[in-house]
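What follows is the residue order along each chain.
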Amino acid sequence: SMGFGSQTKKNTELRCFDGKYYLYTISSRWDEARKRMIKVTGKLLGRITETDGFIESEKAKLRRQQTVIKSISVKESGFYSFVKEHFGEQLSLLEKYFPEHWMQQLLLTKDLLRKPI
C-alpha cells in the first residue's frame with residue numbers, strides 16, 4: 001500500500017482500482033429511509049501515482065476552466081475578443097504554455113493596461 005496521506009485533501013476519497021489510485025470528491029446527505037447520513041461519491045478529480053503525485057483528470061481541468069470562463073464580465077469578454085483579433089498568435093501561445101492559468105493572466109494584463117503609469 002502506498003502512503004498518500006499528504007496527497008489527499010478534505011472532502012475527498014482515495015480509491016484503488018486495478019492497482020491504480022483515483023481521487024474523488026465526497027460529500028454526505030441524510031437518507032430518510034435509513035435515518036442516517038450516507039456518503040455520496042462525487043466527481044473524479046484525478047489519479048495519484050508514486051512518481052508524479054496528483055495528476056488532475058482532463059474533465060476536472062475542463063470543469064475548473066469553465067468556472068473561470070463563466071465568471072467573465074461583458075468588458076472582459078470584449079477585451080478577450082480584441083486580443084484574439086489583434087494578437088491571436090500570442091494568445092494561442094499563452095493558452096498552449098499556460099493551459100490552466102492563461103485566462104487569469106490575460107485578465108491581469110487588462111487590469112494593468114487600465115492603470116495609469
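See above for the structure.
What you see is a predicted model; the values in this text were computed from it and never measured.

### Structural notes on the nonpolar core
And then number 1: Counting 7 residues, the largest nonpolar core consists of Phe-79, Val-83, Leu-91, Trp-102, Met-103, Leu-106 and Leu-107.
And then number 2: Among the secondary structure elements, those contributing two or more residues to this core are helix H2 (74–86) and helix H4 (102–114).
And then number 3: Of the residues forming this core, the biggest block, 4 residues, is contributed by H4.

### Things to note about the pairing of strand E3 (residues 36–49)
And then number 1: Looking at chain direction, strand E2 (residues 20–31) and E3 are connected through 10 bridges and run antiparallel. Pairing of Leu-23 across the sheet is with Gly-46, part of E3.
And then number 2: The turn joining E2 and E3, which pair antiparallel and follow one another in sequence, is formed by 4 residues; a positive phi near 60 degrees is taken by Lys-35.
And then number 3: Linking two consecutive strands that pair antiparallel, namely E3 and strand E4 (residues 53–56), is a turn of 3 residues.

### Things to note about the packing of aromatic side chains
And then number 1: Tallying each qualifying case throughout the model produces 2 aromatic pairs.
And then number 2: An angle of 45 degrees between the planes, with centres 6.0 Å apart, marks the rings of Phe-17 and Tyr-22 as tilted.
And then number 3: An angle of 65 degrees between the planes, with centres 6.5 Å apart, marks the rings of Phe-82 and Phe-87 as edge-to-face.
And then number 4: A cation over an aromatic ring shows up here: Arg-15 above the ring of Tyr-24, its NZ or CZ 5.7 Å from the ring centre.

### A few points about the sheet that holds E3
And then number 1: Read from one edge of the open sheet, 4 strands run E1-E2-E3-E4, paired in antiparallel fashion. Looking at the sheet topology across the chains shown, the edges are occupied by strand E1 (12–17) and E4. Put simply, the sheet's adjacent strands are angled 50 degrees from each other on average, direction ignored.

Conventions we followed
Residues numbered from 1 in each chain as written. Predicted model: local features only at pLDDT ≥ 70, side-chain atom pairs only at ≥ 80, totals over all residues. Heavy atoms only, no water. Core = buried A, V, L, I, M, F, W, Y, C linked by side-chain atoms within 4.5 Å. Buried < 20%, exposed > 50% of the residue type's maximum accessible area, 1.4 Å probe, protein only. Helix = DSSP H or I, 4+ residues; strand = E, 2+ residues; numbered from the N terminus. Pairing = 2+ DSSP bridges. Phe/Tyr/Trp six-rings, centres within 6.5 Å; stacked < 30°, edge-to-face > 60°. Lys NZ or Arg CZ within 6 Å of the ring centre and 35° of its normal. Axes fitted to C-alpha atoms, helices over the stretch in contact; angles between N-to-C directions.

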